[in-house]
Amino acid sequence: MSNAKTEREQADELPGGDVIRILLQQHAHIRDLFSNVKNTRGDDRRQWFDELRATLAVHETAEELILRPVAKRTAGEAEVEERNREEKAASAALAELEKMDVDSAEFATEFNYFEQAVLAHAEREERQEFPAVREGCDRDQLRTMGFHLQSILSLAPTHPHPKVAGSATAQWMTGPFTALLDRVKDAMRGGSMREELSRRRGFLRLP
């Protein structure tokens with residue numbers, strides 16, 4: 001079973017800018033956020049939970065746009081459909097968590113189930129999807145994918161201090177998970193990132 005330390009070690013073994021290196025680092029960060037939620041209470045827990053939700057929204061969008069089209073060719077359509085199904089189930093579970101008091105026993109129980117599902121999904125990606133993508137792409141393709149993936153991940157806000165609870169960053173994190181997904185996609189549509197991804201799409205096609 002993976003953990004944040006092993007994921008970072010595996011990432012360090014890959015070239016800088018490699019898409020799988022970035023995704024492994026992101027998985028380790030998500031594990032850290034799960035721990036932060038579980039180890040805090042009150043406003044701090046709510047803020048860490050909001051950051052986790054925002055991070056997952058950006059991560060899911062980045063994988064959908066950058067990783068999955070290539071994984072469909074390298075790992076197979078069935079593999080991609082299963083990963084997408086897991087993400088859909090996790091989104092539904094997160095929607096239920098959003099309705100709960102973060103300090104309640106019910107939240108703690110359901111959050112543990114949610115964490116297990118998300119991390120199991122990440123480990124299946126690491127065992128099945130990531131190796132297939134690395135084997136099916138050359139170094140330049142992996143770096144180009146990494147560049148675009150990192151551009152999307154940069155949309156994720158960082159943990160806001162309680163004193164700036166009314167800041168744009170904190171406001172970005174509010175609302176249901178589905179709204180966060182929409183904000184990520186809207187941010188991409190509003191800038192040049194979507195055009196650049198479209199322009200370079202041919203480069204990402206496998207021979």
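The preceding data block contains the structure.
Residue numbers here run from 1 along each chain, matching the order of that chain's written sequence. Totals for whole chains, interfaces and linings use every residue, but because this is a predicted model, local features are given only for residues with pLDDT of at least 70 and side-chain atom pairs only at 80 or more, for both listing and counting. Hydrogens and water molecules were not included; the side-chain quantities draw on all heavy atoms of the structure.

Right, let's get into the packing of helix 2 (residues 19–38) against helix 5 (residues 105–136). The contact between helix 2 and helix 5 brings their axes to 11 Å, and the two run at 170 degrees. The pairing of helix 2 with helix 5 is recorded here as roughly antiparallel in orientation. Side-chain classes are defined by residue name, with Ala, Val, Leu, Ile, Met, Phe, Trp, Tyr, Cys and Pro counting as nonpolar, Asp, Glu, Lys and Arg as charged, and the others, Gly among them, as polar. Classifying every residue of the contact of helix 2 with helix 5 by side-chain character gives 13 nonpolar, two polar and seven charged. Here, axes are lines fitted to C-alpha atoms. For helices the fit covers the stretch in contact, and angles between N-to-C directions go from 0 to 180 degrees. Each helix is a run of DSSP H or I of at least 4 residues and each strand a run of E of at least 2, with the numbering of both proceeding from the N terminus. Orientation categories follow fixed angle ranges, with anything under 35 degrees roughly parallel, anything over 145 roughly antiparallel, 65 to 115 roughly perpendicular, and all other angles oblique.

Further remarks concern helix 3 (residues 42–74). Residues lying three or four places apart along an α-helix face the same way, a consequence of the helix completing one turn every 3.6 residues. Expected helix span is given by 1.5 Å per residue-to-residue step, counting one fewer step than there are residues. Given a rise of 1.5 Å per residue, 33 residues ought to cover 48 Å, and the 44 Å separating the end C-alpha atoms of helix 3 matches this to within 8%. Bending of helix 3 peaks at approximately 50 degrees at the position of leucine 67, with proline proline 69 no more than four residues after it. Glycine 76 sits one or two residues past helix 3 and shows a positive phi near 105 degrees. Two axes define the bend at a residue: one fitted to the seven residues ending there, one fitted to the seven starting there, and the bend is the angle between them.

Before going further, it helps to examine the packing of aromatic side chains. In summary, the pairing rule links any two rings of Phe, Tyr or Trp, Trp by its six-membered ring, whose centres are within 6.5 Å, and it sorts them by plane angle into stacked for under 30 degrees, edge-to-face for over 60 and tilted for everything else. Per the stated rule, a full pass over the model turns up six aromatic pairs. Between phenylalanine 34 and phenylalanine 114, the aromatic rings sit 5.8 Å apart at their centres with planes inclined by 55 degrees, giving tilted as the arrangement. Taken together, the residues phenylalanine 34 in helix 2 and phenylalanine 114 in helix 5 connect sequence positions 80 residues apart. This pair shows no difference in class: phenylalanine 34 is buried, exactly as phenylalanine 114 is. Plain terms: the ring middles of phenylalanine 111 and phenylalanine 114 are 6.4 Å apart, the flat faces sit at 50 degrees to each other, and that makes the pair tilted. Highlighted residues: phenylalanine 111 and phenylalanine 114, both in helix 5, separated by three residues, approximately one helical turn. Accessibility here uses a 1.4 Å probe with only protein chains present; expressed as a share of the type maximum, an area under 20% marks a residue as buried, one over 50% as exposed, and anything in between as partly exposed. Exposure remark for phenylalanine 111: the relative accessible area of 2% places this residue in the buried category.

Here histidine 121 shows up in helix 5. By relative accessible area, histidine 121 is classed as buried at 9%. We call two N or O atoms a polar contact when they sit within 3.5 Å, provided that within protein one can donate a hydrogen and the other can accept it, with sequence-adjacent residues counted only if both atoms are side-chain atoms. Separated by 3.2 Å, the side chains of histidine 121 and glutamate 87 make a polar contact.

Keep in mind these numbers describe shape, not what the thing actually does.
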